[in-house]
Amino acid sequence: MKVVVLVSGGGSNLQALIDGQQDGSLPIEIAAVISNRPGVKGLDRARDNGISAELLDHKNFDSRDDFDASLMNLIDSFDAELIVLAGFMRILTPQFTGHYVGRMLNIHPSLLPKYQGLHTHQRALDAADSEHGVSVHFVTAELDGGPIAIQARVPVLLDDDANSLAKRVQAQEHVIYPLAVKWFALQRLTMKDNLAVLDNKVLPNNGYQIDTSV
Ligand code: NHR
Ligand code: GAR
């Protein structure tokens, strides 16, 4: 399955997908990596692995509509069957999300529906939550509101700061994002009537709960 990955930064989730492609555990071909920010490590990771690395700097566009229209053209030039947002930091227009509905995934660092938007780790700490985590969801017009495919939970420890908590969450990201992409590529994971479906069974609202504790 042809996949285009959108990044804005370091691309550690992209790397997890590249690793899966290369070791044969993921039946995908990453056709391109596109960043809206210049000079990010995610683009280097693509280049280093022989994957087309494309920069589409949002600062060169007058409006979100113009940026999204160009982004759509660029993505579609690669015949992508799945769009993966991996630390992509631009809100997408309803026109864009409508074009890819049911074939675009995002990874969001919280136990959605808690903490949509930004600064999720600090918000979980400020709320004194005892657990936190990460969600993979289908992208819809509703920001961080599309149907959830998978969640993984981590404990919040007494001496955590946003950094240490983010690290614990990110270790889970690198497990559940490749898994969600694999399920999608095998056509086991789909979106139907704004619900996430796995093996023809509607998933609960908080998605498939992965226990990755060791
Ligand atoms: N777009 C839509 N329509 N729906 C979603 O679910 C989306 C989306 C675009 C991105 C990722 C999301 C996240 O996982 C995502 C999901 C950026 C912002 C944001 O406020 C919010 C959520 C997400 C990504 N971005 C600012 C903006 O004005 C810019 C912030 C920055 O550049 O640092 O676009 O958290
Ligand atoms: C990840 O933790 C991801 O969950 C988060 O950004 C990080 C990107 O890391 N995504 C968002 O906050 C989306 N708004 P990466 O570039 O190393 O994959």
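Below is a short write-up of the structure. Since the structure is predicted, the reported quantities are computational estimates derived from the model, not experimental observations. (Residues numbered from 1 in each chain as written. Chains lettered and ligands numbered in written order. Predicted model: local features only at pLDDT ≥ 70, side-chain atom pairs only at ≥ 80, totals over all residues. Heavy atoms only, no water.)

Attention shifts here to the site of ligand 1. Taken together, the neighbourhood of ligand 1 is formed by 20 residues, with R64, N106, H108, T140 and D144 sitting nearest. A distance of 2.9 Å separates a nitrogen atom of ligand 1 from a polar backbone atom of T140. Coverage of ligand 1 by the protein chains reaches 84% of its 720 Å² of free accessible surface. The element that contributes the greatest number of residues to the shell around ligand 1 is strand β5 (residues 104-108), accounting for three residues. Residues of the shell around ligand 1, tallied by class, amount to nine nonpolar, six polar and five charged. (Near = heavy atom within 4 Å. Polar contact = N/O pair within 3.5 Å; in protein donor to acceptor, adjacent residues only side chain to side chain. Areas by Shrake-Rupley, 256 points an atom, 1.4 Å probe, with all protein chains shown as cover. Helix = DSSP H or I, 4+ residues; strand = E, 2+ residues; numbered from the N terminus. Nonpolar A, V, L, I, M, F, W, Y, C, P; charged D, E, K, R; others polar.)

Our focus in this paragraph is the sheet that holds strand β7 (residues 148-155). Here we have eight strands laid out as an open sheet, ordered β3-β2-β1-β4-β5-β6-β7-β11, and mixed in their pairing. Each end of this open sheet is capped by a strand with a single partner; those strands are β3 (52-55) and β11 (208-210). Mean inter-strand twist for the sheet, computed between neighbouring axes without regard to direction, equals 20 degrees. In the sheet, strand β6 (residues 131-138) pairs with β7 via seven bridges, with the strands oriented antiparallel. Paired with V134 across the strands is A152, a residue of β7. The sheet strands contacting helix α1 (residues 12-22) are β1 (2-7), β2 (29-35), β4 (82-85) and β5, and the helix crosses β2 at an angle near 165 degrees. (Pairing = 2+ DSSP bridges. Axes fitted to C-alpha atoms, helices over the stretch in contact; angles between N-to-C directions. Contact = heavy atoms within 4.5 Å.)

Moving on, we come to the site of ligand 2. As a structural note, the neighbourhood of ligand 2 is formed by G10, G11, S12, N13, G87, M89, I107, P109, Q170 and E173. Residue Q170 places a side-chain N or O atom 3.0 Å away from an oxygen atom belonging to ligand 2. In isolation ligand 2 offers 450 Å² of accessible surface; the protein chains occlude 82% of this area. When residues of the shell around ligand 2 are traced back to their parent elements, those giving at least two are α1 and α6 (162-185). Split by residue class, the shell around ligand 2 holds three nonpolar, six polar and one charged.

Right, let's talk about the packing of aromatic side chains for a bit. Evaluation of the coordinates by the stated rule reveals four aromatic pairs. Summarising the aromatic geometry, the rings of F61 and F67 are spaced 5.6 Å apart at their centres and angled 75 degrees between planes, so their arrangement reads as edge-to-face. Under the relative-accessibility criterion, F61 is labelled partly exposed at 23%. Aromatic pair F96 and Y100: ring centres 5.0 Å apart, planes at 55 degrees, arrangement tilted. Note on accessibility: F96 and Y100 belong to one class, buried. (Phe/Tyr/Trp six-rings, centres within 6.5 Å; stacked < 30°, edge-to-face > 60°. Buried < 20%, exposed > 50% of the residue type's maximum accessible area, 1.4 Å probe, protein only.)

Locating M72 in the fold gives a position in helix α3 (residues 64-76). In this structure, the C-alpha to C-alpha distance between M72 and F96, residues 24 residues apart in sequence, is 7.0 Å. Excluding residues within four positions of it along the chain, M72 makes contact with Q95, F96, H99 and Y100.

All right, on to the packing of α1 against α6 then. Close contact between α1 and α6 brings their axes to 9 Å; oriented N to C, the two are set at 55 degrees. As the angle between them shows, α1 and α6 are arranged oblique. At the point where α1 passes α6, the crossing takes the right-handed sense. Note on element contacts: α6 touches α1 through E173, H174, Y177, P178 and V181, opposite S12, N13, A16 and L17. Taken together, the residues that form the contact of α1 with α6 break down as five nonpolar, three polar and one charged. (Parallel < 35°, antiparallel > 145°, perpendicular 65-115°, else oblique. Left-handed = near helix turned anticlockwise from the far one by under 90°.)

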